[in-house]
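Single-letter residue listing:
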Amino acid sequence: MMEKSYEALIEIVGPKYVSNQPEEVFFYSRDPGISEPHNPDFVVMPGTTQEVQEIVLLANREKIPIVPMGASLSLAGLCIPLRNGIVLDMKRMNRILEVNETSRYVLIEAGVSHGVLQSYLNKNYPRLMHSIPDAPPMNTIGGNMALFGSGHLSQETGFHTEMVQGLEVVLPTGEICYTGSCSVVPKWFARGPLPDLAGLFLGWLGTTGIITKLSIRLYPKPRKKDVLIFVTENPDFIPDIVYNITETKMAEDINIFAQPKPDWAEGFQQTAIYITGNSEEEMSFKRGLIRRSLHKYIHNKKGGFMFVLPMMKPGMMESPIRELSRFADVEKGGGFEYIGVIIAIEDFPQLYRDAVEIAAKYRPKWSIMCRVIGRGHSIMFSYAWPFNRANPEDMEKARKALFESNASGLRNGGVIWKPDIEGQSMMMKMMDPNTVHLLQKIRKTLDPNDIMNPGNWEIS
Amino acid sequence: MYTLKFDKSICASCETYDCLVKCRYLDLDLDAAKTEKWRLINGEDSIVLSNCVTCYACEEYCPYGNHPFYQIVDLQEEKNIYPAPQPITNQQIKSVSLVGKREREDLKDPVISLCVFPEAKKPIKGKFLNNPTSFMGRDYFCNLMYLHFGKSSVIKDRLPKVIEHIWDDKLSESESKQLICYHDECFGAFSSWAPAYGIDVPFKVIYFYEYLFKQLKKKAHHIKRINAKVAYQRPCSNRLCPEQEHWVDNIFELIGVERVKREFDREQALCCGSILRMQGRDDLAHELQKKNIDDMVASGAEWCIFNCPFCGYTLSELIKERNIKPIMMLDLCNLAWGDNEENREIV
Amino acid sequence: MEHEDIIHRCFRCGYCKFPEGYQDINCPSYRKFGFETYSPGGRMWLIRARLNKEINTSKRYGEILFSCATCGNCMEHCVMPFKDDLLSVFEAAKAELVDEGLIPPGVRDYFKAINVNVNPYKEPQHTRADWVQNTGIEMYSGQEYLFYVGDVGSFDERGKRMARAVAKVLKEADVSIGILGSEETCDGNEVKALGEKGLFQFLAEKNITQFDRLGIKKIITLDPHAFNVLRKEYPKLGGNYLVLHYSQLVAHLIRDKRLSFNELNAKITYHDPCYLGRHNHVYDEPRKILQTIPGLQFVEMTRNYENAYCCGGGGGNFFTDILGMGEDSPSRIRVREALDTGADILAVACPVCAKMFEDAVKTEEIEDRLKIMDLAEIIIEARNQ
């Protein structure tokens, strides 16, 4: 049967873009995180929506699981084929189809990477930008959107899913569907005011269909950028600090980070406040307002702005910040994984304390990296744990740290972002039973043969 | 522990109280200055303690060398009246702590301490100075910057160790037992602060610009006169060794550079503002920076020469925006000597 | 295996695939084949898997390793501290396959040709200096410089045209040069990159012995591949010479006014060869040459300097052809990029690039719109105006 399927896949995409070779099987069975590997039967690289459709129809006929994959940088094992089958590497579908400059959206195929879009806009539409996540530039926009990513504009405008205007999706049963204005008229400028079908595919970790095209919002690109870093020694101050800064509406991005190294960072919370503008007057004005919003901390000597050395700034102003990927080499081990928790702002201090406690148990080197979402509506709080993949004992400690991080996030009232299998399981156990039932009902309706990334969002 | 050599009787007989009267940030007349000074001497609270911007200038203003600034810093710590927010102070204390990364080297003269400025390594290696021996690192850092944070205790704790490290690790094989200090603050630490607290410094310190001037003089035939009008950004730490400032003029004269006459130079020099920003006094920092740079522009300066890398970090971009070229003094000397990439031969 | 201690540290973040500005995929093999396994991160993970016996040596594994064009983009743009060792890791992994005798046929044939013929063209060595006829260039007998031509410059028709042009320019500038002619042996750069350490050592030692016997102190190379290996690897085996690529010397000749030009009106762009640019950081001299010629309007490609996109000829691919010539081949992508600048001429400084691009413009059917010329050919044309 597998031989037949292999030939059928070659028929669809051509021999160059199908592999069942040990090399591809090995590589695509795992991701850079700590999840256990599972071998795919095939790795396929479709080039068009029609090819995706034909593959899905084949998969239904033969009951072969399909896992759509972007760059596999979730680090949570979300593109690992838990029940084998086909890994669909979407990166051949990498065309930028249209930029509507006036209504500020871009229509792309799902395999377009953030880096390529960033470069394209810089060159051709220098007044426009999209929200760039912290993941490396190879990260695909389709994948990032599908798992509720966030980026440098999320403080102002919310999660990346909120920036989705329209989708082209191949359903698990093979139909090609559209969500948003593009389902009615040729333009992809809005998600509503129709029933919000995009919600059936965003955050579902590829279990309800394959996004093949999407239109996302673009934003005005300012000419100037700067960063201020506010330093405190007490995490209890952070909610109020975030409240005050966001109240000014002057910051583009607000990240809070903490780590034990370098040694000047240990014991401090550093709130990086990014401001942008088109003139020095505007920048000066914004800096002034932000500084004044934190005046009481400065006056009481409880917090202050760090002097950011000129050699530090370029690295901090990058999008994405390359230093974040270098974190994987902190243990000279090539790996890190993080648990991201979306949580109410006031719960930050307890998560922070939990993270420090978990670190003391398992990981001397760690990092807390957080981003304020949506002008202070929530925080994406991440506990990041580097590990040495050549040391099984070290990996086991990292696993334990990750487990306790999941538990801490949920215990303190958060919801785990792009959860690994363990995190999904924990959440589904806590989830309202009717909600669980609804999830299952939707999945069954859309995917009667249970082929789409099975093993995810399931009660185990 | 070390105590400041401060003589009350000198202040008692002082008629001018220059230390506070001349202070450009406190705005005190003679009577007010006298009142506040005696509060300080008696260990009482004074507006001086909370309002001092830590520019070091009063060390220069005092004609008797009675260390008014060091006294302020000691009192700030005693009374927990710190200039900067605690997290910033604590972070700065951690950032350059001793780390135990010492290296014993048989260095031959001249021996230069580069403080903690790695950017000085490349210009030192140029053909002009011909790669003199140098060292740097946290275990050799003077720590005097904690004067800006009201933390004399940190300096008292670390500086004696640093002096020992330098002596044992770097100067034991040197013939002259002299240390050239790239940064004025190191020079000030060994020549002014340490003696003021009775800390013995077994080596002689040489002012970097004295060394530069003598090197230029030796190779004077190589000099290409620059013929530029420059402003000089005098650093706060030069207030601890004002008798060395003439080397700046000596160098400028030798290399054909005109130090423009401007309001905020020499004794009237303004702080670059970096410390003020760390203290949270951004409005004042902004005001000073604007005054300083407006002054440079009005005086016709084409370049601004920096002594201290920190002043450079703080003001370079602002200066460039006003079409003035920022350049470190060492780079200026290299330029005058003709040491730049284009002139190097490939074969 | 050498560098085994760093292999597990690859995070497969993918920075290695891109240039600095993320314009497009900059790894030729990944761009061509599409599967992650053909990217630098893919290779690192597979090499480790093989060492851990999670996969076996196979034809595909060999293809993955040997399809690397050794362009150095990964070394340039990897964000990890061990980035400078990436190509050395791949080389060590290839060496293991060489030792086991499990190498692709094209690679095997390349080694065999050099073993037997001392050149990969299987041409008799006595024809090596045929290109020099009527140039006035003599055999080396104590001149200031040895002009080291290399295999491609000696035997490939396009390479020979370039060798003649460079020789002409140097002669007209009164540079004292001589060649080894039929005594010249392969420099070994590609041999080393393909993992044949023993053969490389043999070639290098042979060359060093010959150079030292002749008293050679200064060498000008036609080919950046030779420039790379003579400059970086020969000193480790005792061969210490002043090694220049011809563009470096020519730039100085122009600066010292030993070469003059008439106006040449054309719009021109320049391709940074990997072994001149990324591997050896020579970016400015070729540009200085072009920018000095009056009438030339110089435009940069978007991917330039350390972000240049490889022609696909490195890592032995010029001979093994593992990357092939389809629409996604590096050289075709690159000439399309050059055409997009509006340039009439794509200037090169490497005979491998010259040949790869000339074939590409023919396949793309744009040879009437984009001419491939090396720097020396451009100088000659300017002098003849």
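A.B. asks: Explain the nonpolar core here, please?
C.D. replies: If you look at the biggest cluster of nonpolar residues, it comprises 272 residues, and the most contacted ones within it are I66 and F381 of chain A together with F147, F211, Y246 and I378 of chain C. Core analysis: the second largest hydrophobic core is formed by 137 residues, L75, M145, W303 and I319 of chain B among them.

A.B. asks: What is the right way to look at the domain arrangement of chain A in this model?
C.D. replies: One frequently used descriptor of interface size is the decrease in accessible area upon assembly of the parts. Residues and elements named next belong to chain A. Each domain of chain A was delimited in the assignment, giving domain 1 (2-91), domain 2 (93-220) and domain 3 (224-417). Relative placement of domain 1 and domain 3: their C-alpha centres are 36 Å apart. The partner domain 3 presents 10 residues to the 8 residues of domain 1 that form the contact. Here domain 1 packs against domain 3, burying approximately 660 Å² in sum over the two surfaces, 53% of which is carbon and sulfur. Between the two partners, domain 1 and domain 3, sit 1 salt bridge. Taken together, the links from domain 1 to domain 3 amount to 4 residue pairs in polar contact (both at pLDDT 80 or more). A class-by-class count of the residues in the side of domain 1 that touches domain 3 yields 4 nonpolar, 2 polar and 2 charged.

A.B. asks: I tried to follow the interface of chain C and chain A on my own but got confused; where do I start?
C.D. replies: Across the contact, 41 residues belong to chain C and 47 residues belong to chain A. Summed over both partners, the interface of chain C with chain A buries about 3,600 Å², with 64% contributed by carbon and sulfur atoms. For chain C, the biggest contributors to the area lost against chain A are F11, R12 and F35 of chain C; these three give 21% of the whole. Across the chain C-chain A interface, the total number found is 5 salt bridges. Taking the shortest distance from any N to any O, the salt bridge between E54 of chain C and R30 of chain A comes out at 3.8 Å. For the side of chain C that touches chain A, the elements supplying multiple residues, two or more each, are α1 (28-33), α2 (40-51) and α3 (59-66) of chain C. Tallying contributions element by element places α2 of chain C first for the side of chain C that touches chain A, with 6 residues. Within the side of chain C that touches chain A, the residues separate by chemical class into 21 nonpolar, 10 polar and 10 charged.

A.B. asks: How do you make sense of empty space enclosed by the protein when you look at a structure like this?
C.D. replies: To find leftover empty space, one rolls a probe the size of a water molecule over the atoms. Residues and elements named next belong to chain C. Under the counting rule described, the total for this entry stands at 10 cavities of 30 Å³ or more. By volume, the largest cavity amounts to about 140 Å³. Lining the largest cavity are 15 residues, with V152, D187, E190, D223 and F319 positioned closest to its centre. Top element by residues in the lining of the largest cavity is helix α7 (residues 150-155). It accounts for 3 residues. Looking at the lining of the largest cavity, its residues break down into 6 nonpolar, 5 polar and 4 charged. Shared between two domains, the lining of the largest cavity holds at least three residues of each, these being domain 2 (120-251) and domain 3 (261-383).

A.B. asks: Please explain the domain arrangement of chain B as it appears in this structure.
C.D. replies: Residues and elements named next belong to chain B. For chain B, the assigned domains read domain 1 (8-78), domain 2 (94-212) and domain 3 (220-343). Spacing between the C-alpha centres of domain 2 and domain 3 amounts to 23 Å. Counting from both sides, the interface comprises 23 residues of domain 2 and, opposite them, 29 residues of domain 3. Here domain 2 meets domain 3 over a buried area of about 2,300 Å², counting both sides, of which 67% is carbon and sulfur. Summed over the three residues of domain 2 that lose the most area to domain 3, namely F128, H148 and Y209, the buried surface amounts to 29% of that side.

A.B. asks: Even after reading the chapter, I still don't get the pairing of strand β4 (residues 86-89) of chain A, so can you show me in this structure?
C.D. replies: Sheet faces and side chains relate simply in a regular strand, where the side chains alternate between the two faces. Residue and element names in this part refer to chain A. On β4, burial covers both faces: I86 and L88 on one face and V87 and D89 on the other are all buried. The sheet contact formed by strand β2 (residues 42-44) and β4 spans 3 bridges and is parallel. In the strand pairing of β4, V44 is matched with L88. In the sheet, strand β3 (residues 66-69) pairs with β4 via 4 bridges, with the strands oriented parallel.

A.B. asks: What is the right way to read the packing of aromatic side chains from this model?
C.D. replies: The relative placement of two aromatic rings is captured by the distance of their centres and the angle of their planes. Applying the stated criterion across every chain yields a total of 47 aromatic pairs over all chains. Judged by centre distance (6.0 Å) and plane angle (15°), the ring pair of Y6 of chain A and F42 of chain A falls under stacked. Placement of the pair is Y6 of chain A in helix α1 (residues 2-13) and F42 of chain A in strand β2, with a sequence separation of 36 residues. Residue classification places Y6 of chain A among the buried residues on the basis of a relative accessible area of 19%. Aromatic side chains Y182 of chain B and F208 of chain B sit 5.2 Å apart centroid to centroid with 65° between the ring planes, which places their arrangement in the edge-to-face category. Here the residue Y182 of chain B occupies a position in the loop between β3 (178-181) and α10 (184-196), and F208 of chain B occupies one in helix α11 (residues 208-218), the gap between them amounting to 26 residues.

A.B. asks: Where do I start with a positive patch on the surface in this structure?
C.D. replies: Where like charges cluster on the molecular surface, the positive patch consists of R104, R127, R223 and K224 of chain A. Using a relative accessible area of 66% as the deciding quantity, one classes R127 of chain A as exposed.

What counts, and at which threshold
- Residues numbered from 1 in each chain as written.
- Chains lettered and ligands numbered in written order.
- Predicted model: local features only at pLDDT ≥ 70, side-chain atom pairs only at ≥ 80, totals over all residues.
- Heavy atoms only, no water.
- Core = buried A, V, L, I, M, F, W, Y, C linked by side-chain atoms within 4.5 Å.
- Buried < 20%, exposed > 50% of the residue type's maximum accessible area, 1.4 Å probe, protein only.
- Domains from an automatic or database assignment.
- Contact = heavy atoms within 4.5 Å.
- Buried area = accessible area lost by both parts, 1.4 Å probe.
- Salt bridge = Lys/Arg side-chain N within 4 Å of Asp/Glu carboxyl O.
- Polar contact = N/O pair within 3.5 Å; in protein donor to acceptor, adjacent residues only side chain to side chain.
- Nonpolar A, V, L, I, M, F, W, Y, C, P; charged D, E, K, R; others polar.
- Helix = DSSP H or I, 4+ residues; strand = E, 2+ residues; numbered from the N terminus.
- 1 Å grid on protein atoms, 1.4 Å probe; cavity = no way out; pocket = protein on both sides within 12 Å on 5 of 7 lines; lining within 4 Å.
- Points joined across faces, edges and corners; volume = space filled by probe spheres on them.
- Pairing = 2+ DSSP bridges.
- Phe/Tyr/Trp six-rings, centres within 6.5 Å; stacked < 30°, edge-to-face > 60°.
- Patch = residues over 30% accessible without salt bridge, like charges linked within 9 Å, V, L, I, M, F, W, Y side chains within 5 Å.
- Areas by Shrake-Rupley, 256 points an atom, 1.4 Å probe, with all protein chains shown as cover.
- Lys, Arg positive; Asp, Glu negative; His and termini not counted.
- Charge placed at Lys NZ, Arg CZ, Asp CG, Glu CD.

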